[in-house]
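Coordinate inspection notes
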Amino acid sequence: MYRTDMYEGMLAETVTVTGHNGDAIGAYFARPLGEGPFPGVVLIHHLPGWDEFYRETTRRFAHHGYAAISPNLYHREGHGTPEDVAAMVRADGGVPDEQVVGDVVASARVLRGLPTSNGKVGLIGTCSGGRHTVLVASRSTEFDAAVDCWGGRVVMPEDELTEKLPVAPIDYTADLAAPLLGLFGADDQSPSPEQVAQHEEALREHGKEYEFHMYEGAGHGFFYWNRPAYRIDQAMDGWDKVWDFFGRHLSS
Amino acid sequence: MCTMIAEIARIEGSGKGARGWIPIDRANVTYDHPFQLAVEHSLNIDFVNAAEGPDSRIAVELHPSSARALVRAIEEALARGVAQTGEV
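A brief report on the enclosed structure follows. Going along each chain's sequence as written, the residues are numbered from 1 onward. Each chain gets a letter, beginning with A, and each ligand a number, beginning with 1, in the order they are written. Under the rules for a predicted model, residues below a pLDDT of 70 receive no local features and side-chain atom pairs below 80 are neither given nor counted, while totals for whole chains, interfaces and linings still include all residues. Calculation of side-chain values draws on the structure's entire complement of heavy atoms; hydrogens and water are dropped beforehand.

1. Looking at the overall build of chain B
- In DSSP terms, a helix is any run of H or I states spanning at least four residues, a strand is any run of E spanning at least two, and both are numbered starting from the N terminus. Secondary structure assignment for chain B yields one helix and four strands.
- If you list the helices and strands of chain B from N to C, you get β-β-β-β-α.
- Each principal axis of the C-alpha distribution contributes one length, and for chain B these read about 45 × 30 × 20 Å.
- Counting every position in chain B, which comprises 88 residues, the buried fraction comes to 35%. When accessible area is computed with a 1.4 Å probe and restricted to protein chains, residues below 20% of their type maximum are described as buried, those above 50% as exposed, and intermediate ones as partly exposed.

Right, dumping it as structure tokens:
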């Protein structure tokens, strides 16, 4: 909790991370100044791209005392405005799941290798990044806590599987290796409340540690202050739950 | 964007965007979250030159009903043009 008599400073900049397959990718990195120790958080951007919302949110985590990094999952697709790059990815059916896992795990290792690290790293993502959060937390043991914000297509019918997205993340539930917080809107279509319930049932069946919150009066993307989907009460409560969850699982 | 619904049309034409006129060779048609339009999902058309990089894009985001109106208008104009000129 920030107090008015506390020193605060941060460093925020773009850096290069050696991602999946040894590829150099860009990442936005924000960390509090000071000796620490600080927990780390990897932010997985949404399909609208590696955009201002994610830069801002990365800095927000630094303000709250986390070393935070958001890798550019679309780095290999070329460079332009985040929208133009994301539009290209949208038309090409997204980026491969395996590549996302590699890029996110590499980013976590950067955080854990910092001299100021407390050894704990969490991850959070929204929209497609929420789906990626569930995926990565199931395919890797690098993380101590995971937050899925309205990740669509965690549950996928057979006919939605592609070469890039070959397995529905729900099918990896047995391997989920981190406590999971899920934030969802009751009016969302992707994921629908029925799909969230299906995911919850799988988590329960496999004895996983999780907590899901379904917000009435909210749809998809209710944290996005620049979109009509923004819902102030639900977003404020959701952020409180994120800070509480990471506070419990990522403290020294 | 969570639907991942995308259809690609190989086309031949020109489009005018921030960089002036560019040759375009693809229309990427998606039904997914828009960047700007104030709805959760929209019919999006990106006219692009695939070889020229991400910023070679002329974009529109349409309400689904507007997209259907556009389809009808294109079909009607094409039918009248073909009837009048004999071109295919």
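2. Overview of the interface of chain A and chain B
- A contact between two residues is defined here by any heavy atoms of the two lying within 4.5 Å. Across the boundary between the two partners, chain A contributes 26 residues, which contact 25 residues of chain B.
- Two parts placed together each lose some accessible area under a 1.4 Å probe, and the buried area is that loss summed for both. Of all residues in chain A, Asp84, Arg90 and Arg227 of chain A bury the most surface against chain B, accounting for 33% of the area lost on that side.
- Every case where a carboxyl oxygen of Asp or Glu lies within 4 Å of a side-chain nitrogen of Lys or Arg is listed as a salt bridge. Scanning the region where chain A abuts chain B turns up three salt bridges.
- Residue Asp92 of chain A pairs with Arg26 of chain B through a salt bridge whose shortest N-O separation is 3.4 Å.

3. Observations regarding the side chain of Thr116 of chain A
Residues and elements named next belong to chain A.
- Considering the arrangement of structural elements, one finds Thr116 in the loop between α3 (97-112) and β5 (117-126).
- Residue Thr116 is classed as buried on the basis of its relative accessible area, which comes to 18%.
- Once you skip the residues sitting within four places of it in the chain, Thr116 turns out to touch Gly34, Glu35, Gly36, Pro37 and Phe38.

4. Regarding the sheet that holds strand β4 (residues 57-62) of chain B
- Two strands form a pair only when DSSP identifies at least two bridges running between them. A sheet is described by the order of its strands in space; here four strands give the open sequence β1-β2-β3-β4 (chain B), paired in antiparallel fashion. Two strands close off the open sheet at either side, each with one partner strand: β1 (5-17) and β4 of chain B. Averaged over all pairs of adjacent strands, the angle between strand axes in this sheet comes to 20 degrees, irrespective of strand direction.
- Taken together, the 11 bridges between β1 of chain B and strand β2 (residues 20-32) of chain B define a ladder with antiparallel strand orientation. Paired with Ile8 of chain B across the two strands is Asn28 of chain B, which belongs to β2 of chain B.
- Note on geometry: axes are lines fitted to C-alpha atoms, helical ones only across the stretch in contact, with angles between N-to-C directions running from 0 to 180 degrees. Strand contacts of helix α2 (residues 82-91) of chain A: β1, β2, β3 (42-48) and β4 of chain B, with the helix running at about 60 degrees to β2 of chain B, the strand carrying the most contacts.
- Its contacts with the sheet place helix α1 (residues 64-85) of chain B against β2, β3 and β4 of chain B, and it is angled at close to 115 degrees to β4 of chain B.

5. Observations concerning the packing of α3 of chain A against helix α4 (residues 128-139) of chain A
Residue and element names in this part refer to chain A.
- Their axes nearest at 10 Å, the elements α3 and α4 cross at an angle of 75 degrees. Overall, the two elements α3 and α4 adopt an arrangement that is roughly perpendicular. Counted together, Asp97, Val100, Val101, Val104 and Val105 of α3 and Arg131, His132, Leu135, Val136 and Arg139 of α4 form the full contact between these two elements.
- Residue composition of the contact of α3 with α4, grouped by class: six nonpolar, one polar and three charged. Roughly parallel means an angle under 35 degrees; roughly antiparallel means over 145; roughly perpendicular covers 65 to 115; every other angle is labelled oblique. Each residue gets one of three labels, nonpolar for Ala, Val, Leu, Ile, Met, Phe, Trp, Tyr, Cys and Pro, charged for Asp, Glu, Lys and Arg, and polar for the others, Gly among them.

6. A closer look at empty space enclosed by the protein
- Here a cavity is any set of points on a 1 Å grid over the protein atoms alone where a 1.4 Å probe fits but cannot get out, and a pocket is any open set with protein on both sides within 12 Å along at least 5 of 7 lines; a residue lines the site when it has an atom within 4 Å of a point. Grid points are joined across faces, edges and corners, and a volume is the space filled by probe spheres set on the points. Using the criterion set out here, one finds four cavities of 30 Å³ or more in the structure.
- Each pocket or cavity is described by its volume, and for the largest cavity that value is around 90 Å³.
- Lining of the largest cavity is provided by 14 residues; of these, Leu47, Ser128, His132 and Leu165 of chain A together with Met4 of chain B occupy positions nearest its centre.
- With three residues, the single largest contributor to the lining of the largest cavity is α4 of chain A.

7. A closer look at a nonpolar patch on the surface
- Residues enter a patch when their relative accessible area is above 30% and they make no salt bridge; the linking distance is 9 Å between like charges and 5 Å between nonpolar side chains (Val, Leu, Ile, Met, Phe, Trp, Tyr). What sets the accessible areas is the Shrake-Rupley method with a 1.4 Å probe; for residues, cover comes only from the shown protein chains. A surface patch of nonpolar side chains, about 300 Å² in accessible area, is lined by Tyr7, Leu11 and Leu33 of chain A.
- Take Leu11 of chain A: it is sitting in strand β1 (residues 10-18).

8. Some remarks on the packing of helix α1 (residues 52-63) of chain A against helix α6 (residues 232-250) of chain A
Residues and elements named next belong to chain A.
- Where α1 meets α6, the axes come as close as 13 Å, and the angle between the chain directions of the two elements is 50 degrees. The orientation of α1 relative to α6 falls into the category oblique. Crossing hand, α1 versus α6: right-handed. Touching Thr57, Arg60 and Phe61 of α1 are Trp239, Val242, Trp243 and Phe246, all from α6.
- Of the residues belonging to the contact of α1 with α6, the class tally is five nonpolar, one polar and one charged. Throughout, a crossing is termed right-handed when the near helix is turned clockwise from the far one, and left-handed when it is turned anticlockwise from it by less than a right angle.

9. Notes on the sheet that holds β1 of chain A
Residues and elements named next belong to chain A.
- What the eight strands build is an open sheet, ordered β1-β2-β4-β3-β5-β6-β7-β8; its pairing is mixed. The two strands at the open ends of the sheet, each matched to only one other strand, are β1 and β8 (210-215). Between one strand and the next, the sheet's axes are offset by a mean angle of 20 degrees, whatever the strand orientation.
- Of the strand pairs in this sheet, β5 and strand β6 (residues 145-149) are connected by five bridges, and their pairing is parallel. Directly across from Thr126, in β6, lies its bridge partner Cys149.
- With respect to the sheet, α3 is in contact with β1, β2 (24-32), β3 (38-44), β4 (67-71) and β5, its orientation differing from that of β5 by roughly 150 degrees.
- Across the face of the sheet, helix α5 (residues 193-205) comes into contact with β7 (180-185) and β8 while running at roughly 165 degrees to β8.

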